[in-house]
Amino acid sequence: MNRRIGYLLIRLALGVALGIAALAALAQPSMPGFLPSVMPIVPVEHNWLFRPIQLDDDLSHVADRTYPYGSTQGGARAVHLGVEFVNRRGTAIYASLAGTVVFAGKDDETQLGPQLDYYGAAVIIAHDVESLAGEQIFTLYGHLDSIAVEVGQEVNTLDLIGSVGSSGVAIGAHLHYEIRADDPFDYRATRNPALWLQHYAGHGLVIGAVQDAHGEFIYGKRLVLRNDKLTRDVYTYASQLVNPDTVWGENFTISDLPAGEYQLVVLSDAGGIAYREMVTVAPLRTTFVTIALD
Ligand SMILES: [Zn+2]
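In this text, all values refer to a predicted model and were calculated from it rather than measured experimentally.

**Q** Pulling in residues and values, what's your account of the overall build of the protein chain?
**A** Scanning the protein chain from N- to C-terminus turns up 1 helix and 17 strands. For the protein chain, with 294 residues in total, the buried portion stands at 41%. Long-range pairs, those at least 24 residues apart, make up 66% of the contacts in the protein chain between residues at least 6 apart in sequence.

**Q** Any details on the nonpolar core? Residues and values, ideally.
**A** Residues Ala122, Val123, Tyr141 and Val206 are the most contacted members of the largest nonpolar core, which totals 64 residues. Counting residues per element, this core draws most heavily on strand E6 (residues 136-147), at 6 residues. A domain split of this core shows at least three residues from each of domain 1 (38-43 + 202-292) and domain 2 (46-195). Residues within four places of valine 123 in sequence aside, it is in contact with Val101, Phe103, Ala104, Tyr141, Leu144, Ile147, Val149, Ile161 and Gly162.

**Q** Lay out the pairing of strand E11 (residues 203-211) in plain terms, naming residues and giving numbers.
**A** Every regular strand shows the same layout, with side chains that alternate between the two sheet faces. With 7 of its 9 residues buried, E11 lies for the most part within the structure. Sheet analysis places E11 next to strand E14 (residues 252-258), joined by 5 bridges and oriented antiparallel. Note on E14: the bridge partner recorded for glycine 204 is leucine 257.

**Q** Account for the sheet that holds strand E16 (residues 273-281), naming residues and giving values.
**A** Across the sheet, 4 strands lie side by side as E13-E12-E15-E16; this open sheet has antiparallel pairing. Each of the sheet's edge strands pairs with one partner strand only, and the pair in question is strand E13 (231-235) and E16. On average, each strand axis in the sheet is inclined to that of its neighbour by 20 degrees, with strand direction left out of account. Here strand E15 (residues 260-267) runs beside E16; their pairing, made up of 8 bridges, is antiparallel. Within the sheet, the bridge partner assigned to valine 265 lies in E16 and is arginine 276.

**Q** How would you summarise unusual backbone geometry if you had to cite specific residues and measurements?
**A** Despite not being glycine, aspartate 117 has its phi angle at roughly 55 degrees, a positive value. By the element assignment, aspartate 117 lies in the loop between strand E4 (99-106) and strand E5 (121-130). Of the residues examined, aspartate 117 has 15 C-beta atoms within 10 Å and is grouped as partly exposed. A positive phi is found at aspartate 256, a non-glycine position, where the angle reads about 55 degrees. In this fold, aspartate 256 is placed in strand E14. Among the residues examined, aspartate 256 registers 16 C-beta atoms within 10 Å and is labelled partly exposed.

**Q** Break down the confidence of the model for the protein chain for me, citing the residues and quoting the values.
**A** Residue-level pLDDT values for the protein chain average 87, and 85% of them are 70 or greater. Low pLDDT, under 50, characterises residues 1-42; the predicted model gives this stretch 53 contacts beyond four residues in sequence or across chains.

**Q** So what's going on with the pairing of strand E12 (residues 222-226)? Residues and values would help.
**A** Because side chains alternate across E12, one face comprises the buried residues Leu223 and Leu225, and the other comprises Arg222, Val224 and Arg226, none of which is buried. Here E12 runs beside E13; their pairing, made up of 5 bridges, is antiparallel. Bridge assignment links leucine 223 to a residue of E13, and that residue is valine 234. Counting the residues in the hairpin turn of E12 and E13 gives 4 residues. Pairing of E12 with E15 involves 4 bridges; the strand directions are antiparallel. Residue pairing in the sheet places arginine 226 in a bridge with glutamine 263 of E15.

The rules behind the values
- Residues numbered from 1 in each chain as written.
- Predicted model: local features only at pLDDT ≥ 70, side-chain atom pairs only at ≥ 80, totals over all residues.
- Helix = DSSP H or I, 4+ residues; strand = E, 2+ residues; numbered from the N terminus.
- Buried ≥ 20, exposed ≤ 12 C-beta atoms within 10 Å, placed from the backbone.
- Contact = placed C-beta atoms within 7 Å.
- Core = buried A, V, L, I, M, F, W, Y, C linked by C-beta atoms within 7 Å.
- Domains from an automatic or database assignment.
- Pairing = 2+ DSSP bridges.
- Axes fitted to C-alpha atoms, helices over the stretch in contact; angles between N-to-C directions.
- pLDDT = per-residue confidence, 0-100.

Next comes the structure, spelled out in structure tokens:
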């Protein structure tokens, strides 16, 4: 397919710069011997995109926390490479940022997911931004009920692009939303949307890497973040199918957190406490935690 080859050529051209930038960036959050384990790393933040469902009391613009990026919903479902915005059929969907529509239609001839007819009616937008590692960024909107754009069309930030539905392989009406880097037609090229969507005022993120003694990611590990106001339960990414962000190198994220102090606990497989640390969430900032377990 021609457009696919075009993107692969762009990807090749970016390859060298990307490699150098990624290595430099990855060196930052993974040096626990030289840096404190908890540190906000402001220069690598890239929460630039608008939420595709807009603020309204009746609508859910917070990604579903039962099936976040990189999770399997407790082993019940396939590893999730996007996030869900669960809303009623027909809810308006908006472009996260300006760009050019590179796909609009059913994925019954062009494969967008692990099989044909997976995302049903879908839209992919190529954005005029690169990640800090030099990757071109795309957003994918799946399971739509209706599509309001066509291939080649230029869209502005927050232009209407379609509406929520349940086309393709979907349980109930929701928007499946993905970030893809460099190749819009490769479902394995995703990144965690939590690291790309804009923060709410007064909120921030806690992300990090849970590693074994050799510095390898530990998959499916349960973490609990809490203070006297809220408790959030998450798991590290389920498998190597889940890409960490090229710049951050994380294997868990906890998003939309009110600024404040929290206790972060990693649970052992037996349910005890394998690790415990206090972390600070600053408004509009990301706090990266490196956790090395024996
Ligand atoms: Zn989904």
